[in-house]
Amino acid sequence: QVQVVESGGGLVQPGGSLRLSCAASGRIFSVSAMGWYRQAPGKQREFVATITSGGDTNYQDSVKGRFTVSRDNAKNTIFLQMNSLKPEDSAVYFCTVRGVVIPFPESDYWGQGTQVTVSS
């Protein structure tokens, strides 16, 4: 079993900042990458950012320069620092973990999501 728990969402005014956290726990043998996706009402879930165990990062174009993903490998935890937030960033943010749980092949595990609302 793998547990993926997000935290840090909330209501913020446009131009403000939020920091999301995601912790993975359970019988994980190894984690190769962790990341964030988001889903707004009526829209498909979309990629936001990922970070590998080696520290390589990748971002959706619309968040480059505003969002920063970081990782604490020892704790299987990642963070998403979100600055200069816009109303269009409002969504449920989901954390995903790509890892190995013996004896199963590498798989993606998802959290339940945390709501981010950007509004004045």
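Residues numbered from 1 in each chain as written. Predicted model: local features only at pLDDT ≥ 70, side-chain atom pairs only at ≥ 80, totals over all residues. Heavy atoms only, no water.

**Overview of the overall build of the protein chain**
Assigned secondary structure in the protein chain consists of zero helices and eleven strands. Taken from the N to the C terminus, the helices and strands of the protein chain come in the order β-β-β-β-β-β-β-β-β-β-β. Taking the principal axes of its C-alpha atoms as reference, the protein chain extends roughly 50 × 25 × 20 Å. Counting across all 120 residues of the protein chain, residues that qualify as buried make up 41%. (Helix = DSSP H or I, 4+ residues; strand = E, 2+ residues; numbered from the N terminus. Buried < 20%, exposed > 50% of the residue type's maximum accessible area, 1.4 Å probe, protein only.)

**Focus on the sheet that holds strand β1 (residues 2–7)**
In spatial order, the strands read β1-β3-β8-β7; together these four strands make up an open sheet with antiparallel pairing. Whereas interior strands pair on both sides, the edge strands pair on one side only; in this sheet they are β1 and β7 (67–72). Going from strand to strand, the sheet's axes swing by 15° on average, the running direction of each strand aside. Pairing of strand β3 (residues 18–26) with strand β8 (residues 77–82), which is carried by six bridges, proceeds in the antiparallel orientation. Each residue of the ladder has a partner; that of L18, found in β8, is M82. (Pairing = 2+ DSSP bridges. Axes fitted to C-alpha atoms, helices over the stretch in contact; angles between N-to-C directions.)

**Brief notes about the environment of V48**
Checked against the element boundaries, V48 lands in strand β5 (residues 46–52). Given a relative accessible area of 0%, V48 falls into the buried group. The sequence separation of V48 and G113 amounts to 65 residues, and the corresponding C-alpha distance is 13 Å. Excluding its chain neighbours within four sequence positions, the residues that come into contact with V48 are W36, Y37, R38, N58, Y59, Q60, V63, F67, L80 and Y93. (Contact = heavy atoms within 4.5 Å.)

**A word on the pairing of strand β4 (residues 30–39)**
Bridge count for β4 against strand β9 (residues 91–100) is nine bridges, and the pairing is antiparallel. In the strand pairing of β9, Q39 is matched with V92. By the bridge criterion, six bridges tie β4 to β5 in an arrangement that is antiparallel. Looking at the pairing, Y37 lines up with F47 of β5. Following β4, the chain reverses through six residues before pairing antiparallel with β5; G42 in that reversal takes a positive phi of roughly 75°.

**Some details on the packing of aromatic side chains**
Applying the stated criterion across every chain, the model contains two aromatic pairs. Where Y37 meets W110, the ring centres are 5.2 Å apart and the plane angle is 65°; that geometry is what we call edge-to-face. Of this pair, Y37 sits in strand β4 while W110 is found in strand β10 (residues 107–110), placing the two residues 73 residues apart along the sequence. Under the relative-accessibility criterion, Y37 is labelled partly exposed at 25%. (Phe/Tyr/Trp six-rings, centres within 6.5 Å; stacked < 30°, edge-to-face > 60°.)

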